[in-house]
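For reference, the chains in residue letters:
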Amino acid sequence: DAAGFSSGGYMANVEVGGSIVSGSQQQWFARNSKFGEWSNGVWNQVFVGSIGAPASHCGLDGGSPYTTVDETPSVAEKPFIIIDSTSGEYSLVTP
């Protein structure tokens, strides 16, 4: 009820201990995540390799607009740089 106005988002490698009500979310992409249940959403809710994702459904009649892919294809995360808050040293992280 308190979803307000929202318009898109992304989450990856996230675990939510309960259910997610996306409310008025217009576009959403979840990858390699886990949640108890997903409900609501207006347009284009996409789930790839996510546990608890709803079944795919297209169209306006009889369900919400979900696209669900059971398994994630190969994913190559990009390396990134971090700075140690204590020493100030830079490090390269390669996931």
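Here the structure is shown first, and the text comes after it.
Residues numbered from 1 in each chain as written. Predicted model: local features only at pLDDT ≥ 70, side-chain atom pairs only at ≥ 80, totals over all residues. Heavy atoms only, no water.

## Brief notes about the overall build of the chain
1) Next: Assigned secondary structure in the chain consists of zero helices and eight strands.
2) Next: For 95 residues, the compact-globule estimate of 2.2 N^0.38 gives 12 Å, and the chain exceeds it by more than 25% at 17 Å.
3) Next: Each principal axis of the C-alpha atoms in the chain carries an extent, and together these give about 55 × 30 × 20 Å.
4) Next: When burial is assessed residue by residue, the chain has 23% of its 95 residues classed as buried.
5) Next: Expressed as a percentage of contacts within the chain between residues at least 6 apart in sequence, the contacts between residues at least 24 apart total 8%.
6) Next: By element, 54% of the accessible surface of the chain is carried by carbon and sulfur atoms, the whole surface being about 6,600 Å². (Helix = DSSP H or I, 4+ residues; strand = E, 2+ residues; numbered from the N terminus. Rg over C-alpha atoms; globule rule 2.2 N^0.38 Å. Buried < 20%, exposed > 50% of the residue type's maximum accessible area, 1.4 Å probe, protein only. Contact = heavy atoms within 4.5 Å. Areas by Shrake-Rupley, 256 points an atom, 1.4 Å probe, with all protein chains shown as cover.)

## Description of the sheet that holds strand β6 (residues 66-69)
1) Next: One open sheet holds the four strands; their spatial order is β1-β3-β5-β6, and the pairing between them is parallel. Strands with a single pairing partner mark the edges of an open sheet, and in this sheet they are β1 (9-12) and β6. Strand-to-strand twist in this sheet, taken as the mean axis angle between neighbours without regard to direction, amounts to 5°.
2) Next: Summarising the sheet, strand β3 (residues 28-31) and strand β5 (residues 45-48) pair through four bridges and their orientation is parallel. Its bridge partner lying in β5, alanine 30 is registered against phenylalanine 47. (Pairing = 2+ DSSP bridges. Axes fitted to C-alpha atoms, helices over the stretch in contact; angles between N-to-C directions.)

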